[in-house]
Amino acid sequence: MGVEDSKHGFEEEQAFVDLKVKDKPCCKVELKCSVADIIPEKLKKYSITGVVRLDKLKSLMLPRSPGVDQFKLWALGITTMMLLLWVLHCNCRHWERLLAQRQSSLNRHPRNPEVHSNHSQFGSQFKDIWDVDYFIKSLSDEVRIIKLLPPRLRKKVQRYALYSKTPVSWSNMSYYYNTVFPRFQKYEVVHFTKTETRLSNNLPVEVQKMRCRVNYEALRFTPAIEEVGKKIIKILRDKGPFLVLDLRYEKDMLAFSGCTEGCNEREVEELTRLRYAIPWWKEKEIDPKSKREAGLCPLTPKETALALRAFDINPNIQIYIAAGDIHGGERRLSGLRAFYPNLVKKETLLPPSDLKPFQNYSNQMAALDYLVSLDSDIFLPTYGGNMAKVVEGHGRFLGYKITVGLDRLVLISLIDQYKNGTLNWNEFSQSVKAAHANRMGSPSQRLQFPGKPKQEDYFYTNPQECLPPLVVTTNDRKPVTDKGQLS
């Protein structure tokens, strides 16, 4: 996989990455990083910089390891960015003498503590979702984060243009030492055009624990989001246990995936037109039947009802739907509501005034669903999307909370056998339970497939390096925990 480097014109408020040395005996390195390209809703121009302790450089070079599919959620982008900073820092000892020679000239320029922010009309910014001050403070012992480039480097970029680079996906430590770090040496200011999936799944333990610290401890939603999220949770808790259903039967998801189970002919034509109208959706010709049978489609509401019943989920449980508008609306949801009448969403639990500040920002609305998902008694995603992966991993980190990881390949086959009469209800239910006995968010080893990053388990789905150690007693993925403590 090649990497294309480029230069482009500088915009006054563009975020960027910069290298700087302080006049301290430990030779700390300051790295300025962009959060501008973390989310798809055009989050732009919010500069963050960092300084990381040099004493963390310890046996961090590993052979190239594979990684995971791109992650859409905010948390993964900024976590990766922090790790990129930390990785670059961890290789600085090799360059200590060279950096020391440049120390005096770089230190003549003071750091500017001014908050720099650009209010974009196109989507949420980092500060609109995350508690920036808490983020900065919580990582202060590892990374010194500021919000604006110092004047000298700002002027330099204005004068000579900004150097941009897209790091290679799923890269290990060697790549950042051999390829990326020299760019910092040469240009001082480097703009990372992408930050998602730039790190391998399988890195040294010290790095993995830093990833967990950033994602699960340093990132906290804004007080406004936290307040409304807690309000939703309290309403649900006052009525008893609840299940969060990540029901991805949404129009854009169906159009993108080409999945049309449950749709009539008119709807199929409409979804197909939408898919062809979006130029960045690369796959156009899709066989929905084959894709569904391969387990690559989100479940329909009716299929979801069958799965819940097969798991013996209490029909009186509250089910919170964490999703956008369901395609077909109440007509399509009726197949689920017939068996599980207590379906709720944030829009039905709260007055419109509570959601008004967030309703035009999909990431902020998703943040509310994320908070509710983490606090649920059961989390069940009907499609293996990004939010589902991160909630599962975060749930493990919080104490192996129940997340039902549906095996859609097996489940769809069982559903079809039940519908055509090959299996009776008891046989169907028992088969569903057996197929998912080890897919409930319990302790397990993360599967690794060197050289095949898209096939292996996602780090953020199972951050095992941050969890109690496992003792695997069989070869069929049935590990048990020992008495180890979280570090």
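The structure displayed is predicted, hence computed values, not measured ones.

Novice: I would appreciate a short explanation of the overall build of the protein in the present structure.
Specialist: Of regular secondary structure, the protein possesses 19 helices and 12 strands. Within the protein, buried positions represent 55% of all 487 residues. Taking all contacts inside the protein whose residues are at least 6 apart in sequence as the whole, residues at least 24 apart take part in 78%. Accessible area for the protein stands at about 22,000 Å²; split by element, carbon and sulfur atoms hold 51% of it.

Novice: Help me understand the pairing of strand 10 (residues 378–381) in this model?
Specialist: Side chains on a regular strand alternate between the two faces of the sheet. Of the two faces of strand 10, the one carrying Ile378 and Leu380 and the one carrying Phe379 and Pro381 are both buried. The pairing of strand 7 (residues 242–246) with strand 10 spans 4 bridges and is classified as parallel. When the sheet's bridge partners are listed, Leu245 is paired in strand 10 with Leu380.

Novice: Could you clarify how one ought to interpret helix 16 (residues 362–375) in this entry?
Specialist: Because each turn of an α-helix spans 3.6 residues, side chains separated by three or four positions end up pointing in the same direction. With 14 residues, helix 16 extends 20 Å from end C-alpha to end C-alpha; this agrees with the ideal 20 Å at 1.5 Å per step. With 11 of its 14 residues buried, helix 16 lies for the most part within the structure. For helix 16, the set of buried residues is Asn363, Gln364, Met365, Ala367, Leu368, Asp369, Tyr370, Leu371, Val372, Ser373 and Leu374.

Novice: Is there a simple way to think about the state of the cysteines in this case?
Specialist: Covalently bonding the sulfur atom of one cysteine to the sulfur atom of another cysteine gives a disulfide. Scanning the entire structure with this criterion turns up 2 disulfides. For Cys212, the disulfide goes to Cys466, at an S-S distance of 2.0 Å. On the sign convention where negative means left-handed, the S-S torsion of about 95 degrees between Cys212 and Cys466 marks this disulfide as right-handed. With Cys212 in helix 7 (residues 205–218) and Cys466 in the loop between helix 19 (425–435) and strand 11 (470–471), the pair connects residues that are 254 residues apart, well separated along the chain. The pair formed by Cys212 and Cys466 is uniform in burial state, with each residue classed as buried. The disulfide bridge from Cys259 ends at Cys297, spanning 2.0 Å between sulfur atoms. Torsion about the S-S bond of the Cys259 and Cys297 cystine: about -85 degrees, corresponding to left-handed handedness. A residue pair is termed long-range when its members are at least 10 positions apart, and Cys259 in the loop between helix 9 (251–257) and helix 10 (265–277) and Cys297 in the loop between helix 11 (288–293) and helix 12 (301–310) qualify at 38 residues. The residues Cys259 and Cys297 share a single accessibility class, namely buried. Numbered in order of appearance, the disulfide-bonded cysteines of the protein are paired 1-4, 2-3. Note on Cys263: no disulfide assigned, nearest cysteine sulfur contributed by Cys259 at a separation of 9.5 Å. You can call Cys263 buried: its relative accessible area is 15%.

Rules used throughout
- Residues numbered from 1 in each chain as written.
- Predicted model: local features only at pLDDT ≥ 70, side-chain atom pairs only at ≥ 80, totals over all residues.
- Heavy atoms only, no water.
- Helix = DSSP H or I, 4+ residues; strand = E, 2+ residues; numbered from the N terminus.
- Buried < 20%, exposed > 50% of the residue type's maximum accessible area, 1.4 Å probe, protein only.
- Contact = heavy atoms within 4.5 Å.
- Areas by Shrake-Rupley, 256 points an atom, 1.4 Å probe, with all protein chains shown as cover.
- Pairing = 2+ DSSP bridges.
- Expected span 1.5 Å × (residues − 1).
- Disulfide = S-S within 2.5 Å.

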